[in-house]
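Commentary on secondary and tertiary structure
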Amino acid sequence: MVSVTASRAFTAGVIGGTALLIGGKWKEKQGLKASWTTNHNTPEPLYKWDNNWDKRQHIPGDGDSCDAAGDKGPGQPTAIRHILLIRHGQYILDGETDEKRVLTSLGKEQAAETGQRLNSFDFPITRVVCSTMSRAKETGSIISSHLPESVPVEYCSLLREGAPIPPEPMSSHWRPEAQFFQDGARIEAAFRRYIHRADVEQKETSYEVLVCHANVIRYIVCRALQLPPEAWLRMSLHNGSITWLTVRPSGNVSLRAVGDCGFMPIDKLTTT
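Okay, so let's go over this structure. For every chain, the first residue of the written sequence is number 1, and numbering continues from 1 onward in sequence order. Local features in this predicted model are restricted to residues of pLDDT 70 or higher, and side-chain atom pairs are both shown and tallied only at a pLDDT of 80 or more, whereas totals for entire chains, interfaces and linings draw on every residue. Side-chain metrics in this entry use all non-hydrogen atoms of the structure; hydrogen atoms and water are not considered.

**Let's talk about the overall build of the protein**
Along its length, the protein carries five helices and eight strands. Overall, the protein shows an N-to-C arrangement of helices and strands of α-β-β-β-α-β-α-β-α-β-α-β-β. By residue count, 41% of the 272 residues in the protein fall in the buried class. Only heavy atoms matter for contacts: two residues are in contact if any of them lie within 4.5 Å across the pair. Of all intrachain contacts in the protein linking residues separated by at least 6 positions in sequence, the fraction that spans at least 24 positions is 70%. When the accessible area of the protein is evaluated, it comes to approximately 15,500 Å², of which 53% is carbon and sulfur surface. Numbered from the N terminus, helices here are DSSP runs of H or I no shorter than four residues, and strands are runs of E no shorter than two. Relative accessibility under 20% of the residue-type maximum defines a buried residue, over 50% an exposed one, and the middle range a partly exposed one, all with a 1.4 Å probe and only protein chains included. Areas reported as accessible are Shrake-Rupley estimates using a 1.4 Å probe. Residue values count occlusion only from the protein chains shown.

**A short note on helix α5 (residues 214-224)**
Of all eleven residues in α5, ten are buried; the element is thus mostly enclosed. Listing the buried residues of α5 in full gives A214, N215, V216, I217, R218, Y219, I220, V221, C222 and A224. Residues of α5 that are buried sit in contact with β3 (81-87), α4 (177-194), β6 (206-212), β7 (242-247) and β8 (253-260). At the exit of α5 stands Q226, carrying a positive phi of roughly 55 degrees.

**Some points on the packing of aromatic side chains**
Pairing of aromatic rings covers Phe, Tyr and the six-membered ring of Trp, with a centre-to-centre limit of 6.5 Å; geometry is then stacked below 30 degrees between planes, edge-to-face above 60, and tilted otherwise. Counted by the stated rule, this structure contains five aromatic pairs. An aromatic cluster is defined as three or more aromatic residues linked by ring pairs; in this entry it consists of F121, F123, Y207 and W244.

**A word on the side chain of R87**
Among the secondary structure elements, R87 is positioned in strand β3. Under this rule, positive means Lys or Arg and negative means Asp or Glu; His and the chain ends count for nothing. We define a salt bridge as a side-chain nitrogen of Lys or Arg found within 4 Å of a carboxyl oxygen belonging to Asp or Glu. Buried charged residue R87 carries no salt bridge. Nearest counter-charge: E161, at 6.0 Å. Polar contacts, as counted here, are pairs of nitrogen or oxygen atoms within 3.5 Å of one another; within protein the pair requires one atom able to donate a hydrogen and one able to accept it, and residues that are adjacent in sequence qualify only if both atoms are side-chain atoms. For R87, the side chain forms a polar contact with the main-chain oxygen of L237, separated by 2.8 Å. The contact partners of R87, leaving out residues within four places of it in the chain, are C212, H213, A214, I217, L237, H238, N239, G240, S241, T271 and T272.

**Quick look at the sheet that holds β3**
For two strands to pair, DSSP has to find at least two bridges joining them. One open sheet holds the six strands; their spatial order is β5-β4-β6-β3-β7-β8, and the pairing between them is mixed. Of all the strands in the sheet, the pair left with one neighbour each is β5 (153-156) and β8. Pairwise comparison of adjacent strand axes, ignoring direction, gives a mean angle of 20 degrees for this sheet. With six bridges joining them, β3 and β7 adopt antiparallel strand pairing. Paired with H82 across the strands is T246, a residue of β7. Packed on one face of the sheet, α5 meets β3, β6, β7 and β8 and runs near 150 degrees to β3. Convention adopted: a line fitted to C-alpha atoms gives each axis, helices being fitted over their contacting stretch, and angles between N-to-C directions are expressed from 0 to 180 degrees.

Here it is, written out as structure tokens:
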């Protein structure tokens, strides 16, 4: 026969598990972490946002003193930065060298579609930065042909494809430990160079285009949103797709689009 005390304790656990019968008295659990269905009841966030993630957070009074001429030093950033990350078009996979891994005819069409899409936004794009790998440079060139001639095109080896960090869960067929060791620091350096809040001197909202690779983009998204970077392999990006990050003066980051390819004709969609 089940005692009344045991019955009441069991009933409490079934109803919600928020109280226990201990020594004949009902007591609330302390420090209970709510599940995802009741996260709004959790006293503290499970993961707190690091406001100074880019080491550019303005600290009142730090650098605000006047110089001999009476001019104030650096203050709070005021401009918004938009970073549009573009994955290159489809390319020849079996090329023996990077120089031979150029875009296929379909890849060129994808790049043209992306260039037209960016042009249709009518954003005042300030620059296009391309990875130095052949497929990215070729994609960037085609995209740029659809943008105003005044938009400069730059190249950066930090944006080259690579293995950023061992993914979790691990891939059963892809475990390049040495490559993670070699590429990880470089791709992290790319994140630090291109993803940050605006400089104090920047007064207008900016739009920058980075033409690079799936692994680099996926890692950057995780880092920018302060998500576990090991989750990068859980995402998939189409060729020519647009991923859009916004960095505000406060340091807050939002992901406006990831792998957007809705503008691409369905017969031109690939992920190779």
